[in-house]
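Analysis of the macromolecular model
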Amino acid sequence: MSKKSIVAVLNTSPETVIDDYARLLDLARIQDTLNKTKTTFLKVNVSWQHYYPACSSAPWQIEGVGKKLISEGFSDIISAHNGTVVVDPREGREKNKHSKAENRLGIDHLILDEPPVKWIPFSPKSKMLVLDKVYPEGLFIPEIFIGTNIIHLPTVKTHVFTKMTGAMKNAFGGLLHRNRHWTHSVIHETLVDLLQIQKEIHSGIFAVMDGTFAGDGPGPRAMRVHEKNIIIASSDQVAIDAVASKLMGFDPMLIPKLKIAHEMGLGTADTRLIEYKGDDVSNVNWNFSGNDNTFASRGQKLIYHGPLKPLEGILLRSPIAPWAYLASNFYHNGFWRPIVGKNRLKKAMKTRWGKLFCDY
């Protein structure tokens, strides 16, 4: 690429986080990326309808970014949420206190899966790696996204299917509808395709990642929680994911979605080619694990990549598919959350970040 991608990284604290987000966006040159006369969507991450640290966008993340945008003269800001086959977006918006942050800012919100949002057919100009094969009947995207700015609001965490999840993965919920789980067997290529689509439809793309709490283990839900006091921003979706990966202790060029995107010229995954702004994190390594699985994800991987692969269509794309949703709900909500997650959450809520969450 002709010039280095900029990634801004700052250490932060509960007392300064809102102001730190403003400084972070300046360092990442958001003003050079987004057109303030356009509608700007804050693409909120809701990975669980229950609050669990590092799982979904933090309320101070929404408030800090939104407050800075308003001060810069962005007048049409909308918070965008989406559900999944196992996550209720309305319940998630309330329990994660996204609604509290949005109300403080005085901005509107919408649920992408529900009216009045209209999903329309879309034919990408770019050659798709897999999406045209996964959805031979055609792709559909939210009509309201066309010609708008989008700011992704992921958290720093690991993921059972993509090793780490971040800006690239955050588009997954916004640009694919409820059958997005059909892509899990080719998830890395799917995320590269979605980045290509984003570059075609959005007037500007930006990402702000919250690592105040960071999640390690079988994410995006059943994670170990760590206070890391880090926030990250960039206009390069690949670069910000690469930096987050490096902080967690992973080589970004060994993560397929990042390597493919880098080689296709869609962003920078080689951290040696990234220009850092803000605090020095060159020697940071959290030594996170990227190989953990839950009982549920092991079963899914047997279907996506193992001996049950020939049955994938029957198990996940036929009328009996709801068995998988019920199994996931039972594991995460009926077993893991009350048995394991409850104690981890209780411990996290005693920290300064936990107390800040309670203050919303």
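Residues numbered from 1 in each chain as written. Predicted model: local features only at pLDDT ≥ 70, side-chain atom pairs only at ≥ 80, totals over all residues. Heavy atoms only, no water.

Moving on, we come to the overall build of the protein. A count of helices and strands for the protein gives 14 helices and twelve strands. In terms of principal-axis extent, the alpha carbons of the protein reach across some 50 × 50 × 40 Å. Looking at the protein residue by residue over its 360 residues, the buried ones come to 58%. Contacts in the protein between residues far apart in sequence, at least 24 positions, make up 78% of those at least 6 positions apart. (Helix = DSSP H or I, 4+ residues; strand = E, 2+ residues; numbered from the N terminus. Buried < 20%, exposed > 50% of the residue type's maximum accessible area, 1.4 Å probe, protein only. Contact = heavy atoms within 4.5 Å.)

Taken as a whole, helix α4 (residues 98-105) has its buried residues at His98, Ser99, Ala101, Glu102 and Leu105. The buried side chains of α4 occupy one side of the element, clustering within an arc of 160° when seen end-on. On the buried face of α4, the contacting elements are β2 (40-44), α2 (59-71), β3 (77-81), α3 (89-95) and β4 (108-111). Trailing α4 by a residue or two, Gly106 shows a phi angle of about 75°, which is positive. (Arc of directions from axis to C-beta.)

Mapped onto the elements of the fold, Thr155 is located in strand β8 (residues 155-159). The exposure class of Thr155 is buried, given its relative accessible area of 1%. Within the structure, the side chain of Thr155 is placed 2.6 Å from the backbone oxygen of Ala54, a separation counted as a polar contact. Ignoring any residue separated from it by four or fewer positions in sequence, one finds Thr155 in contact with Asn45, Ala54, Cys55, Ser56, Ser57, Gln61, Thr165, Met209 and Asp210. (Polar contact = N/O pair within 3.5 Å; in protein donor to acceptor, adjacent residues only side chain to side chain.)

Cis geometry marks the peptide bond from Pro115 to Pro116; its omega dihedral reads 10°. Within the secondary structure, Pro116 is located in the loop between β4 and β5 (119-122). Even without a glycine there, the phi angle at Asn229 is positive, about 55°. Within the fold, Asn229 resides in strand β11 (residues 224-234). Since its relative accessible area comes to 22%, Asn229 is described here as partly exposed.

Turning next to helix α1 (residues 17-27). Buried residues of α1: Val17, Ile18, Asp20, Tyr21, Leu24 and Leu25, and no others. One side of α1 holds all its buried residues, which, seen down the axis, span an arc of 155°. Residues of α1 that are buried make contact with β1 (5-11), α2, β10 (204-216), β11 and α14 (352-359). At the exit of α1 stands Arg29, carrying a positive phi of roughly 60°.

Moving on, we come to a nonpolar patch on the surface. Residues Phe330, Phe335 and Ile339 make up a contiguous nonpolar surface patch of about 340 Å² in total accessible area. Looking at the element boundaries, Phe330 is found in helix α13 (residues 322-348). (Patch = residues over 30% accessible without salt bridge, like charges linked within 9 Å, V, L, I, M, F, W, Y side chains within 5 Å. Areas by Shrake-Rupley, 256 points an atom, 1.4 Å probe, with all protein chains shown as cover. Salt bridge = Lys/Arg side-chain N within 4 Å of Asp/Glu carboxyl O.)

Right, let's get into the packing of α1 against α2. Each pair of packed helices can be described by the angle between their axes along with the distance between the axes. Where α1 meets α2, the axes come as close as 8 Å, and the angle between the chain directions of the two elements is 55°. Comparing their axes, α2 and α1 come out oblique. Two packed elements cross with a definite hand, and for α1 against α2 that hand is right-handed. Mapping the contact onto sequence places Val17, Ile18, Tyr21, Ala22, Leu25 and Asp26 in α1 and Trp60, Gln61, Glu63, Gly64, Val65, Lys67 and Lys68 in α2. (Axes fitted to C-alpha atoms, helices over the stretch in contact; angles between N-to-C directions. Parallel < 35°, antiparallel > 145°, perpendicular 65-115°, else oblique. Left-handed = near helix turned anticlockwise from the far one by under 90°.)

Further remarks concern the pattern of salt bridges. Once their charged atoms are close, side chains differing in charge can pair, the charge on each being opposite to the other. Under the definition given, this model contains 15 salt bridges. Note that Glu102 and Arg93 form a salt bridge whose closest N and O atoms lie 2.7 Å from each other. The class for Arg93 is buried, based on a relative accessible area of 10%. One salt-bridge network, in which partners are shared between bridges, spans Asp26, Lys68 and Glu72.

Of all 13 residues making up β10, 13 are buried, and the element is well covered by its neighbours. In this sheet, β10 lies alongside strand β7 (residues 149-153) in parallel orientation, the contact comprising four bridges. Looking at the pairing, His152 lines up with Ala207 of β10. Two elements, β8 and β10, share two bridges in a ladder whose sense is parallel. Residue pairing for β10: Lys157 is matched across the bridge by Gly215. In the sheet, β10 pairs with β11 via nine bridges, with the strands oriented antiparallel. Bridging from a neighbouring strand, Phe213 pairs with Glu227 of β11. (Pairing = 2+ DSSP bridges.)

The quantities given are spatial measurements derived from coordinates; they are silent on function.
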